[in-house]
Amino acid sequence: MASGVKPRVKVPKTAAAGDEITIKTLISHKMESGQRKDGDGNLIPRSIINRFVVDFNGQNVIDVTLEPAISTNPYFQFDATVPESGEFKFTWYDDDGDVYETAKQIAVS
Amino acid sequence: MKRAKTYAGTLTVVAAMAATTAFADADDDQLVVNGEIEMVTEAAAPEHLEYVDTVYSGWRFRSDETQAFQMDDFDNPAMIFVEKASEDWNKPEGTEGKACASCHEDVENLKGVRAVYPKWNESAGEVRTLEMQINDCRENQMGAEPLKYTGGDMAAMVGLLSSVSRGMPISVAIDGPAQETWEQGKEIYYTRYGQLELSCANCHEDNYGNMIRADHLSQGQINGFPTYRLKNTKLNSVHARFKGCVRDTRAHTFKPGSPEFIALELYVASRGNGLSVEGPSVRN
Amino acid sequence: MQLTRRDLLVMGSVGMGLTALGVSPAMASLTDDEIAKITEGAEVGTGDLVVTAPEIAENGNTVPIEVSAPGAAMVVIFADGNPTPAVATVNFGPLNPTRAASTRIRLAKTQNVVALAQMEDGSFQKAMANVKVTIGGCGG
């Protein structure tokens, strides 16, 4: 597991049915591009988060393929419609095979 | 001959400044963090400043996009490191089995500390930076190894302490027993170093608001430290930045944690008395 | 000091002059190739697709951008002056109302951020924003 990887998400706790809400996400990750060289001139191998997916109650909100041009600590902000109470599921996929997940509940009145 | 040279130089400066008026001086933006912490980014200069009337936070010299990073804690990548430090805060270390929290409990209890450092320590008979005080706690209270002065763990811990003081006015004491160190720092601030023969004042007092190549010079205030730089995507400590500046004058630099940089930090901090504690800030 | 400051300023204006020359057309073709692979020769138009990016980025390492593509199913983002132009592919799901996303990207130099959107009817739109990436004095 890449070290120091920790997902953070910001989702409102409540909303009205059908509301558009704004979600912010950030995962601490070095996003080593594979373009850099170390002190001895050897290429540092690529190690990035390559995919980020957000679902709500099993329906997709956003599904992103990331390339090395995404900055360190990948950040995404986007909107979502919430038809009913439920759970946002956030998943990040690492080059090294690791998968990082987090979830947030939202209560819809 | 000498006069002609100076005249030509002045013309170039005037022309260059006219071309970059869009960048001149600090902007008029107001910094409110999380919609609740109102920061003072412009203040009347403290009395001891002889050549500057108004002091500005470095935030006011940055582009709107860079400024936005600091206006919400979620958008501020420095908070990743602050979160890590809040975990360290509760983690027992060393022979005494103590964590920071064992004595200080909630980190909020140290609200205000960042605003008055560097500070004279009576029992030690020296001016201490926050980093020195943290390592004193680690070595003498916890029985733990000191953290590297400009290392990531240290910058994060200073960032955590700074975060709970955000919005409070910087107010370091420069009189009494601290005065001698402060005078030493002032001496360093106005001394030209390196092959480029530049003092801190040449850039940050004489030329703030102007462009140095493509970079917009600030007053070099340190109220926003530690600062997350977009350049290196980590938290940077005051002494690491000092080292970078002195290196850029093509000089052998003082070491982080050295008496020279401690004195300089006290002096530079005092130039920002009245500005808000902003750390951890975001800069380019 | 006079000499030094003048030197710095002259260097600065030369640097900014070069930066103003902007985009390298040779690198843009890499992006065009990538776009052609996706569109397979279909016509690429313009529409409501907008790329928002700073006119001047203070550091190319972390540049905030936004793509807004009402009615799009997918947006592919390129940086046409990077060694590898691909930046991200954003697929919007049924629960995404605005078809917009913000992120932070790396730009190696002054260049265009290009977005290609595939709309829900299968048609394509393209938009771009030029970002001047500054090489700082002490900041860079």
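Residues numbered from 1 in each chain as written. Chains lettered and ligands numbered in written order. Predicted model: local features only at pLDDT ≥ 70, side-chain atom pairs only at ≥ 80, totals over all residues. Heavy atoms only, no water.

Draft legend 1. How the structure looks around helix 3 (residues 78-89) of chain B. Spanning 12 residues, helix 3 of chain B covers 17 Å between terminal C-alpha atoms, matching the ideal 16 Å at 1.5 Å per step. Among the residues of helix 3 of chain B, Ala-78, Met-79, Ile-80, Val-82, Ala-85, Asp-88 and Trp-89 of chain B are the ones counted as buried. (Helix = DSSP H or I, 4+ residues; strand = E, 2+ residues; numbered from the N terminus. Expected span 1.5 Å × (residues − 1). Buried < 20%, exposed > 50% of the residue type's maximum accessible area, 1.4 Å probe, protein only.)

Draft legend 2. Seen up close, the nonpolar core. The biggest cluster of nonpolar side chains holds 56 residues, and the ones touching the most others in it are Phe-88 and Phe-90 of chain A. One finds Val-55, Ile-222, Val-246 and Val-277 of chain B within the second-largest nonpolar core, a separate group that totals 31 residues. (Core = buried A, V, L, I, M, F, W, Y, C linked by side-chain atoms within 4.5 Å.)

Draft legend 3. Spatial organisation of the environment of Val-75 of chain C. You can see Val-75 of chain C is positioned in strand 5 (residues 72-79). Contacts of Val-75 of chain C, omitting those with residues within four sequence positions, involve Val-67, Ala-69, Ala-88, Thr-89, Val-90, Phe-92, Ala-115, Leu-116 and Ala-117 of chain C. (Contact = heavy atoms within 4.5 Å.)

Draft legend 4. Structural view of the packing of helix 10 (residues 238-248) of chain B against helix 11 (residues 259-271) of chain B. Residues and elements named next belong to chain B. With their axes 11 Å apart at the nearest point, helix 10 and helix 11 run at an angle of 100° to one another. When the axes of helix 10 and helix 11 are compared, the pair comes out roughly perpendicular. Mapping the contact onto sequence places Val-238, His-239, Phe-242, Lys-243 and Val-246 in helix 10 and Phe-261, Ile-262, Leu-264, Glu-265 and Val-268 in helix 11. Of the residues belonging to the contact of helix 10 with helix 11, the class tally is 7 nonpolar, 1 polar and 2 charged. (Axes fitted to C-alpha atoms, helices over the stretch in contact; angles between N-to-C directions. Parallel < 35°, antiparallel > 145°, perpendicular 65-115°, else oblique. Nonpolar A, V, L, I, M, F, W, Y, C, P; charged D, E, K, R; others polar.)

Draft legend 5. Representation of the packing of aromatic side chains. Inspection of the entire model under this criterion finds 17 aromatic pairs over all chains. Three or more aromatic residues joined by ring pairs make a cluster, and in this case those are Phe-52, Phe-56, Phe-76, Phe-78, Phe-88, Phe-90 and Trp-92 of chain A. The positively charged end of Arg-8 of chain A is found above the aromatic ring belonging to Phe-74 of chain B, 5.1 Å away from the centroid. It is Arg-104 of chain C that lies over the ring of Tyr-75 of chain A; its NZ or CZ is 3.9 Å from the centre. (Phe/Tyr/Trp six-rings, centres within 6.5 Å; stacked < 30°, edge-to-face > 60°. Lys NZ or Arg CZ within 6 Å of the ring centre and 35° of its normal.)

Draft legend 6. Here's a closer look at the pattern of salt bridges. Residue and element names in this part refer to chain B. Scanning all chains against the criterion turns up 27 salt bridges over all chains. A salt bridge links Lys-84 to Asp-153; the shortest N-O distance between them is 3.6 Å. Of the two residues, Lys-84 sits in helix 3 while Asp-153 sits in helix 7 (residues 152-163), which places them 69 residues apart along the sequence. Between Lys-91 and Asp-88 there is a salt bridge whose closest N-O contact spans 3.4 Å. (Salt bridge = Lys/Arg side-chain N within 4 Å of Asp/Glu carboxyl O.)

Draft legend 7. The sheet that holds strand 11 (residues 281-283) of chain B, seen in detail. Residues and elements named next belong to chain B. Taken together, the 3 strands give an open sheet; going across it, the order is 10-9-11, and neighbouring strands pair in mixed fashion. Looking at which strands have only one partner, the edges of the open sheet turn out to be strand 10 (234-236) and strand 11. Neighbouring strand axes in the sheet, compared pairwise and without regard to direction, differ in orientation by 40° on average. Bridge count between strand 9 (residues 227-229) and strand 11: 3 bridges; the pairing is parallel. Bridging across to strand 11, Tyr-228 finds its partner in Val-282. The strands touched by helix 3 within the sheet are strand 9, strand 10 and strand 11, with strand 10 carrying the most contacts at an inclination of about 80°. (Pairing = 2+ DSSP bridges.)

Draft legend 8. Highlighting helix 8 (residues 179-189) of chain B. Residues and elements named next belong to chain B. Those residues of helix 8 lying buried are Thr-181, Trp-182, Gly-185, Lys-186, Ile-188 and Tyr-189. Axial view of helix 8: buried residues confined to an arc of 160°, hence all on one face. Residues Glu-180 and Glu-187 are exposed on helix 8 and point more than 90 degrees away from its buried face. Summarising the contacts, the buried residues of helix 8 are in contact with strand 6 (126-128), helix 9 (200-204) and helix 11. (Arc of directions from axis to C-beta.)

Draft legend 9. Broad picture of the interface of chain A and chain C. Across the boundary between the two partners, chain A contributes 29 residues, which contact 26 residues of chain C. When the two sides are added together, the surface that chain A and chain C hide from each other amounts to roughly 2,200 Å², 50% of it contributed by carbon and sulfur. A per-residue breakdown of the area chain A buries against chain C is headed by Ala-69, Ser-71 and Tyr-75 of chain A, which together make up 24% of the total. Inspection of the region where chain A meets chain C yields 0 salt bridges. Put simply, chain A and chain C have 21 residue pairs in polar contact (both at pLDDT 80 or more) between them. Of all the secondary-structure elements, those providing two or more residues to the side of chain A that touches chain C are strand 3 (19-28), strand 5 (59-66) and strand 6 (75-82) of chain A. If one sorts the elements of the side of chain A that touches chain C by residue count, strand 5 of chain A sits on top with 8 residues. Split by residue class, the side of chain A that touches chain C holds 15 nonpolar, 9 polar and 5 charged. Where strand 6 of chain A meets strand 7 (residues 100-105) of chain C, 3 bridges bridge the pair, whose relative direction is antiparallel. Bridge pairing in strand 7 of chain C links Gln-77 of chain A to Ser-102 of chain C. (Buried area = accessible area lost by both parts, 1.4 Å probe. Polar contact = N/O pair within 3.5 Å; in protein donor to acceptor, adjacent residues only side chain to side chain.)

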